[in-house]
Amino acid sequence: MQTNISLPSPKYICPHCKKASRLPNPLPPSGLFQLTCVHCKEKVVLRFENYKFQVDRIIAPTSQPKVQNLSVNEGRIVGSEAKIPSQNKPLFERKVIKDPSPSTFWSKENFDKKVTKPNIRSKNLKKQKEGSILKFVFGSVAFSLFVFILAFAYFIAGVFEVRKEVPQLLNELAKNVPTKILDRHGNVVSEIFQKRTSTLRLQDYSDDMVSILLNIEDQKFFYHSGIDYSAILRAFGKNLINFSYKQGASTITQQLARIILDDRKKSLSRKIKEAQLAFALEATLSKEEILETYMNHVYLGHGAFGFGEGIKFYFQKNPRELSKEEIVLLASLPSAPNKYSPLKNPEDSYRRVRAILSMFRNRGIYPGLQKDKFVSIYHQFSTRSPNETVFGVRQDIAPYVTEHIRNILSGIQGDKNIYESGGYVVETTLDRNIQEMIGPTVRSYLARSQKQGKIQKKLIRKIPDSPEEKAIKQLFGDMLIANELVWEADFDENEKENGIQAAVVGIEPNTGDILFLHGGEEFNSKNQFNRAIQMRRQTGSSIKAVLYASAIDSGAIQSGTKILDAPLYYRGGGGKEWSPDNLGGNYDGEISLRTALVKSKNTAAVQVAEKLGYSGIERYFTKFFFPDPGEKKGRFRGDLSLALGTLEISPLEMASAFSAFTNQGTIKRPHLIKKITNARGIVVYQIDEVDEFKLRLPEERQVIRPDTAEVMVSLLKDSGRASGVRNGGYTGEVVGKTGTTNDYKDAWFVGTRPDISLAIWVGYDNPKYGMGSGGLGGALAAPLWGEIVQQIDKNQFLPKRNFTPPVHSKLFKICPINGKEAGTHCPNPISELYLSDYPPPGTCNEDHRLPNVDNRDLMRNLF
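Basis of the calculations
Residues numbered from 1 in each chain as written. Predicted model: local features only at pLDDT ≥ 70, side-chain atom pairs only at ≥ 80, totals over all residues. Heavy atoms only, no water. Helix = DSSP H or I, 4+ residues; strand = E, 2+ residues; numbered from the N terminus. Buried < 20%, exposed > 50% of the residue type's maximum accessible area, 1.4 Å probe, protein only. Areas by Shrake-Rupley, 256 points an atom, 1.4 Å probe, with all protein chains shown as cover. Contact = heavy atoms within 4.5 Å. Pairing = 2+ DSSP bridges. Axes fitted to C-alpha atoms, helices over the stretch in contact; angles between N-to-C directions. Parallel < 35°, antiparallel > 145°, perpendicular 65-115°, else oblique. Left-handed = near helix turned anticlockwise from the far one by under 90°. Nonpolar A, V, L, I, M, F, W, Y, C, P; charged D, E, K, R; others polar. Core = buried A, V, L, I, M, F, W, Y, C linked by side-chain atoms within 4.5 Å. Salt bridge = Lys/Arg side-chain N within 4 Å of Asp/Glu carboxyl O. Phe/Tyr/Trp six-rings, centres within 6.5 Å; stacked < 30°, edge-to-face > 60°. Lys NZ or Arg CZ within 6 Å of the ring centre and 35° of its normal. Patch = residues over 30% accessible without salt bridge, like charges linked within 9 Å, V, L, I, M, F, W, Y side chains within 5 Å. Lys, Arg positive; Asp, Glu negative; His and termini not counted. Polar contact = N/O pair within 3.5 Å; in protein donor to acceptor, adjacent residues only side chain to side chain. pLDDT = per-residue confidence, 0-100.

Novice: Account for the overall build of the protein, with residues named and values stated.
Specialist: Looking only at helices and strands, one finds 24 helices and 32 strands in the protein. Each of the 863 residues in the protein was classed as buried or not, and the buried ones make up 49%. Here the protein displays about 43300 Å² of accessible surface, and carbon together with sulfur accounts for 52% of that area.

Right, dumping it as structure tokens:
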């Protein structure tokens, strides 16, 4: 049996570096072995025979420097050439090189157990490999962690950066909020928008509305910080199992971020921005603010943005009136509003609702939801068009008001688009109930009047003017012709084709508040001209109320003054003549001022104007209409034709002027807008800061004395009673005056009460056309006034205020024959109010028991 022999380890001289190294112990008895020098790391092959060795061959080194050949003599190496290695190798490598002849050196018989154990060098190599793997893994983890820290730092820095932009982003979001126009009671009259967005507050919704929405969209809304990680893992697992997208994990905050970013691209950068904004929103806003903003801007289909608009579109209810079933259906829409639209896709919608109900059952919430109610809701939807939108149900009960406010907002915004800025709240003085009634009433009345033949469009005659008309044109005509030309220039061909029009404006006398306003027959793309505030037309006899008030206030005449109603002739410079006549050519001789107003006598009005004088006319018309010097210079002219209404005045100005009679001689500047607040709650317009209609008027002005106002109320009650308002169904008292211009181009009635001053105009836009012989103020304008006010009273839209007894003027008994204070022999004296410092001119001492000649007989004999 062979045994391993342990000999003293001989020295080995490396043929490459010539340094000595010890051979491993025990030495093998025979065979070929490759050895590596511990110094230079180069290799040689040694042949062992009987425990002795010699160099069998030298393995060339990696680098090529040559050394002397080495030979071996009794364990020493001499001679031979070799190449010295240059690479680092293991300190010692034992490698068996098989001998061409068979050898049993490595058999179990030749080695003991110590030789057959695993090589220590192999263990080291294994450990080195394992260490390399650990180093790689550790390095990879460290690098990944470093990259993650950098990415996280970048993400957090982005969150802080986005947080600074949150206020601006929310302002941008508010651009799509409609501008609301409210009446004096806070009711919505109209809206201005391109995109309907809700503006409700969170407390406007019921608790069930909020709870159901959160249970569907974001159950942990009040507990997460913008992102729900557990929901992400749950959705990932479910989508992975189904190999398709089955469930989302976006929180309400993330959905709001998506709405704000308005970016639907599926990209990593968009997701990162969305997450950054979600964290920024959570850091900036309270949970309630986030939820409110989301509920006001989430899209619910058919053009409805926000639950407020969705509720109105789908159910036409207030938020707190919704049933739980209706809430569930509405809350099912945010995830896919078009797919789950109950109008477009009722089957998909119902499938979504059933899934929600199943989820609720699993959670043990809302067990009382009834299937029958859902069936009823879907049945109601089946009767509606799938193409309906919020724009199709848009309603504007005050289109002329809306257009006026749009212009005001454009002035406030400058170059900005009012639709983009949006979110304004415009508080007005309107009464919604009256305003809603005005448009249909005007359209119906005008259509009915045309059908009955009261209005007949007549082209004004082209035959030569009568001598009287030539005279007035020679005397005052330059300005009248200029006005006609201006009106022709003001209307293009489309506007000339418009049919009969009407302007209506009602003012509260003691405040100047405009209660209602309508500027034409019907508002449309070709009929947007607001005749109530933008149009100026000759007023006809309706201006006589202002003229008489001015003359009484100045003391030029009194209520009991007698006037001779007879033909008048005026000769101007160069032999020019003017002869004003009465409607119908009738003259009544000497009449009272009251009778002159009731019968609208032109001859009497011209005489009153003469008594007042040019300076008086200018002074009082300046008070009533033109307190601004620039406005007066451009519009006023001082001549007697003013007594017949040749000045161009707007319906708004006329209603404002008449308000002085029921407001103790004071006129408040008319206004429609009380306040405008922008989307941030900042007041950008105040009633006391702006002359809204550019009339250049002070906020308040005293135009006549309080006692004059009382006298005019007394005189104009009879005028109003005889005006034609009764034909509209009105039976109450009114202080008013009709007006008709030449060729029946304009029909006016302006009437006032303590609660309302209302001006009505009827006519064609183009002054070349008249309305025919039926186009009188008393036949057209007054009945419309009566119809409107009768409906106001019937429906109690305004609190009724009665005329108060006079307290500033004095009552006198007047002789009906000469206008003096009645004496003992005056038959049937009449009562008239006089100014406190302008009593009747003496007492009547005549004996009226003597026979008297009838004035009308006298006029017939004279003319």
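Novice: Give a detailed account of helix α17 (residues 544-554), specifying residues and quantitative values.
Specialist: Of all eleven residues making up α17, ten are buried, and the element is well covered by its neighbours. For α17, the full list of buried residues reads Lys-544, Ala-545, Val-546, Leu-547, Tyr-548, Ala-549, Ser-550, Ala-551, Ile-552 and Asp-553. Of the surrounding secondary structure, the elements contacted by the buried residues of α17 are α18 (593-598), α19 (602-624), α21 (651-658), α22 (706-721) and β27 (735-740).

Novice: Could you give an account of the pairing of β27, naming the residues involved and the relevant values?
Specialist: Here β27 lies mainly inside the structure; five of its six residues are buried. In this structure, β27 lies alongside strand β28 (residues 746-753), joined through six bridges in antiparallel fashion. Counterpart to Thr-738 in the pairing with β28 is Phe-749.

Novice: Just give me the short version of the environment of Ile-181, but keep the residues and values in it.
Specialist: Within the secondary structure, Ile-181 sits in strand β9 (residues 179-182). Sequence-wise, Ile-181 and Ala-398 are 217 residues apart; in three dimensions their C-alpha atoms are separated by 9.7 Å. Residues within four places of Ile-181 in sequence aside, it is in contact with Asn-187, Val-188, Val-189, Ser-190, Ile-192, Thr-402, Ile-405, Val-426 and Thr-428.

Novice: A description of the packing of helix α10 (residues 346-363) against helix α11 (residues 371-381) should follow, citing residues and the corresponding values.
Specialist: Direction vectors running N to C along α10 and α11 enclose 160°, while the axes themselves pass 12 Å from each other. Looking at the two axes, α10 sits roughly antiparallel to α11. In this structure, α10 meets α11 at a crossing whose hand is right-handed. Every residue of α11 that contacts α10 at Pro-346, Ser-349, Tyr-350, Val-353 and Leu-357 is listed here: Lys-371, Phe-374 and Tyr-378. By residue class, the composition of the contact of α10 with α11 is six nonpolar, one polar and one charged.

Novice: Please give an account of the pairing of β28 that cites residues and values.
Specialist: Along a regular strand, successive side chains alternate from one face of the sheet to the other. Burial runs high along β28: eight of the eight residues are buried. Neither face of β28 is left uncovered, since the one carrying Asp-746, Trp-748, Val-750 and Thr-752 and the one carrying Ala-747, Phe-749, Gly-751 and Arg-753 both have all their residues buried. Linking β27 to β28, which pair antiparallel, is a turn of five residues; within it Asp-743 sits at a positive phi near 60°. Of the strand pairs in this sheet, β28 and strand β29 (residues 756-763) are connected by eight bridges, and their pairing is antiparallel. Along β29, the bridge assignment pairs Gly-751 with Leu-758. From the end of β28 to the start of β29, which pair antiparallel, there are two residues.

Novice: Hey, could you go over the nonpolar core for me, with residue numbers and the actual values?
Specialist: Counting residues in hydrophobic clusters, the biggest one holds 87 residues, and the most contacted among them are Tyr-548, Phe-625 and Phe-661. By residue number, the principal contributor to this core is α19, which donates ten residues. Not counting residues up to four positions away in its chain, the partners in contact with Tyr-548 are Ile-557, Leu-593, Ala-596, Leu-597, Lys-601, Ala-604, Ala-605, Val-608 and Met-712.

Novice: Summarise the pattern of salt bridges; cite the residues concerned and give the values.
Specialist: Considering all chains together, one arrives at 39 salt bridges under this definition. Between Glu-436 and Arg-432 there is a salt bridge, with its nearest N and O atoms 2.9 Å apart. A residue pair is termed a helical-turn pair when its members lie 3 or 4 positions apart in one helix, as Glu-436 and Arg-432 do in helix α14 (residues 432-451) at four residues. Through salt bridges with shared partners, a single network forms among Arg-536, Asp-628, Glu-631, Arg-635, Glu-653 and Arg-696.

Novice: Requested: an account of the sheet that holds strand β15 (residues 501-507), with residues and values cited.
Specialist: Strand order in the open sheet made by the five strands is β16-β15-β29-β28-β27, with antiparallel pairing throughout. Two strands bound the open sheet, and with one partner strand each, they are β16 (514-518) and β27. Ignoring which end each strand starts from, the neighbouring axes of this sheet average 5° apart. The pairing of β15 with β16 spans four bridges and is classified as antiparallel. Opposite Gly-506, over in β16, you have Phe-516 as the bridge partner. α14 rests against β15, β16 and β29 of the sheet, and its axis sits at about 35° to β16. Those strands touched by α21 are β15, β16, β27, β28 and β29, and its axis lies near 35° from that of β15.

Novice: So, the packing of aromatic side chains: which residues are in play, and what are the values?
Specialist: Tallied over the full model, the rule gives 22 aromatic pairs. One aromatic cluster in this structure is built from Phe-621, Phe-624, Phe-625, Phe-626 and Phe-636. Directly above the aromatic system of Phe-221 lies the positively charged group of Lys-287, at a separation of 4.6 Å from the ring centroid. The side chain of Lys-457 reaches across the aromatic face of Tyr-769, ending 4.4 Å from its centre.

Novice: Break down a nonpolar patch on the surface for me, citing the residues and quoting the values.
Specialist: A cluster of nonpolar side chains, namely Ile-133, Phe-136, Val-137 and Val-141, defines an oily patch on the protein surface of about 410 Å² accessible area. Among the secondary structure elements, Phe-136 is positioned in helix α2 (residues 120-173).

Novice: Lay out the side chain of Asp-431 in plain terms, naming residues and giving numbers.
Specialist: Structurally, Asp-431 is set in the loop between β13 (425-428) and α14. Of the buried charged residues, Asp-431 lacks a salt bridge, with Arg-184 as the closest side chain of opposite charge at 5.4 Å. A polar atom in the side chain of Asp-431 sits 3.1 Å from the backbone nitrogen of Asn-433. Beyond its immediate sequence surroundings of up to four residues, Asp-431 is in contact with Asp-183, Arg-184, His-185, Leu-515, Phe-797 and Leu-798.

Novice: A description of the sheet that holds β9 should follow, citing residues and the corresponding values.
Specialist: With mixed pairing, the five strands of this open sheet are ordered in space as β10-β9-β13-β24-β25. Edge positions in the sheet fall to β10 (188-192) and β25 (683-686), since each of these pairs with one other strand and no more. Direction aside, the axes of adjacent strands within the sheet are offset by 15° on average. Taken together, the four bridges between β13 and strand β24 (residues 673-677) define a ladder with antiparallel strand orientation. Paired with Thr-428 across the two strands is Ile-673, which belongs to β24.

Novice: Can you tell me about the confidence of the model for the protein, naming the residues and giving the values?
Specialist: Model confidence for the protein is summarised by a mean pLDDT of 81, while 78% of its residues fall at 70 or above. Mean pLDDT across the elements of the protein bottoms out in strand β7 (residues 76-79) (38) and peaks in α21 (98). Within the model, pLDDT remains below 50 along residues 471-496, and this stretch shows 39 contacts once partners closer than five positions in the same chain are excluded.

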